[in-house]
Every structure is written in C-alpha cells, then in structure tokens.
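Observations on chain architecture
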Amino acid sequence: MLQLVIGNKNYSSWSLRPWLALRHFGIEFSELRIPLYTETSAQLLKEYSPAGKVPVLLDGDLDSEIVVWDSLAILEYVGERFPELPWLPSEPVARAVARSVSAEMHSSFGALRSTMPMNLRSHKPMATIPPDVQRDIDRVTEIWRDCREQFGAGGDCLFGEFTIADAMYAPVVSRFRTYGVSLDPICQSYADAVWQLPAMQLWIEAAIAEIETISMYE
Ligand SMILES: N[C@@H](CCC(=O)N[C@@H](CS)C(=O)NCC(=O)O)C(=O)O
C-alpha cells in the first residue's frame, strides 16, 4: 500500500504534483497531511522524510518500507512501479522533451515561486510584475506553447493526454489564476484544461476547506 505524506493543500505546491498524478491515474494510496510551519511540523516531517520536507511517498510495510522523498523522484518511482500507465509520452522525442520540461520546472523559476506562492484560496492580481518574475512567466508560457504546438494534438495537455509534465506545472496554473497573470489563448486554454481535471478539482475543493493560514504565503 502506498502512503503519500503531503502539506497543506492550499499552499503546498510540491505536494500537489505527485498527488495529482496518482489521483489522475487512479492509483490507490492513503494520504497523511502535515500542516506546515506549525510548532510541531518540523518534528513530524522528520519522522517521515530524511529531508524534512513534503511530499514523501512510503511504499510497503514497516519491515521493508521504501521511502521516496522529493516530488520528481516520487513521479519517477511510481512511473516504474506502474509501468502500464502513460506517465510520459510514448514517442521518444516527446518523452525526452517531457522529461526536460519537468526537470526545468523542478529546478527553475525561483522568482515566480517566491513572489507568487501557491495560495488556492486567494485572488490578488498583481498590478506590476517584477522583471525577474516576468522572465519566469515568459519561459513557462514559451514551454506551454511549444509543447502544445508540437506534441499536444491528442488532447488538451502539454503532450496531448495528461503526463507527469502537467502534474509538474499544475501549481503554476494555480499561481497564474491567483495573481491574475494574463495569458495568450493557447496558454489560457491549457491552464483551463488543467484546472478542470477532476483530480485537480478534488484538490482545490479540499484546499478551500482547510482552515490553517500560513502568514508568509498570504
Ligand atoms: N524539491 C522538493 C521541495 C520540497 C519542499 O520544499 N516542500 C515544502 C512544502 S511545498 C516543505 O516541505 N516545506 C517545509 C519546510 O521547509 O519546513 C520537492 O520537489 O519535493
């Protein structure tokens, strides 16, 4: 049995990524939510994750438990654990690009992430976008346009059908809504498609129902 340890659904963008992919592909897992930045969070996180961060995936029983921490490692792990599912595009060129854009999301866009933290409950359009954040937005939207134009014919996602690349960018879709980032028609229709995914809607509903507030993300 798989257990996914996550943070607050309203704020924890890294937790959303593997949760969304697991839910989208109908994989059974239990969920343990640890609200972040409380007095006990750090100690609780350390019980599950060597890095002291969420998400963490636990697989197996206590005697032979596999612990996978870090969102992208979890997505790769479940891809190997359930190889019958289309986590990545089947065509090699598209697959290489899907891996590249997923890794780029994982390692980049620091200005966007720190200036526009995920906060699903909030709506606060930014009157002025700082230049470094605008550069990140431009690169993300370039990726979305390129993928949709080159590989998106089979559906509404970056590579047509949903893949882990869409899971990686799902929190950015939410940030663009919260902070009122205006998008060209291709990017807007991609963002709407991700927003409307049934698994995404389940996460959003649960995020809105949460009661904790993390002031630095408000
Ligand atoms: N690179 C990691 C980042 C994980 C991360 O920063 N998680 C945040 C929540 S979204 C966290 O656990 N923060 C709690 C802390 O740093 O104390 C991943 O991809 O999983």
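Scroll up to find the structure this text is about.
Structure report, in brief. (Residues numbered from 1 in each chain as written. Predicted model: local features only at pLDDT ≥ 70, side-chain atom pairs only at ≥ 80, totals over all residues. Heavy atoms only, no water.)

Some words on the site of the ligand
Threshold: Only heavy atoms are used to decide nearness, and a residue is near a molecule or strand if one of them lies within 4 Å of it. Within 3.5 Å is the distance limit for a polar contact, defined as a pair of N or O atoms, with the added protein rule that one can donate a hydrogen and the other accept it, and that residues adjacent in sequence qualify only through two side-chain atoms. Classes in brief: Ala, Val, Leu, Ile, Met, Phe, Trp, Tyr, Cys and Pro nonpolar; Asp, Glu, Lys and Arg charged; the others, Gly included, polar.
Lining the immediate surroundings of the ligand are S12, S13, W14, L36, Y37, K53, V54, P55, D70, S71 and H106. Between the ligand and V54, the relevant distance is 2.8 Å, taken from a nitrogen atom to a main-chain nitrogen or oxygen of the residue. A distance of 3.0 Å is found between an oxygen atom of the ligand and a side-chain nitrogen or oxygen belonging to H106. Here the shell around the ligand is composed, by residue class, of five nonpolar, four polar and two charged.

Looking at unusual backbone geometry
To be explicit about the condition: Numbering goes from the N terminus for both helices and strands, where a helix is a DSSP run of H or I of at least four residues and a strand is a run of E of at least two. Partly exposed describes any residue whose relative accessible area lies between the buried limit of under 20% and the exposed limit of over 50%, with all areas from a 1.4 Å probe on protein chains only and scaled to the type maximum.
Here the bond from V54 into P55 is cis, since omega is 5°, no more than 30 degrees from zero. Structurally, P55 can be placed in the loop between α2 (41-48) and β3 (56-59). Even without being a glycine, D70 presents a positive backbone phi close to 90°. Counting through the fold element by element, D70 comes out in the loop between β4 (66-69) and α3 (71-81). Look at D70 and you get partly exposed, because its relative accessible area is 32%.

Brief notes about the packing of helix α7 (residues 164-178) against helix α8 (residues 185-196)
Cut-off, in case you're wondering: Angles run from 0 to 180 degrees between N-to-C directions of axes, and those axes are lines fitted to C-alpha atoms, restricted for helices to the stretch in contact. What sets the label is the angle itself: under 35 degrees gives roughly parallel, over 145 gives roughly antiparallel, 65 to 115 gives roughly perpendicular, and the rest give oblique. The contact criterion used throughout is that any non-hydrogen atoms of two residues lie within 4.5 Å.
Remark: α7 packs on α8, axes separated minimally by 9 Å, with the N-to-C direction vectors making an angle of 105°. Judged on the interaxial angle alone, α8 and α7 are roughly perpendicular. Of α8, the residues touching α7 (which contributes D166, Y169, A170, V173, S174 and R177) are Y190, A191, D192, V194 and W195. Each residue belonging to the contact of α7 with α8 can be placed in one class, and the counts come to seven nonpolar, one polar and three charged.

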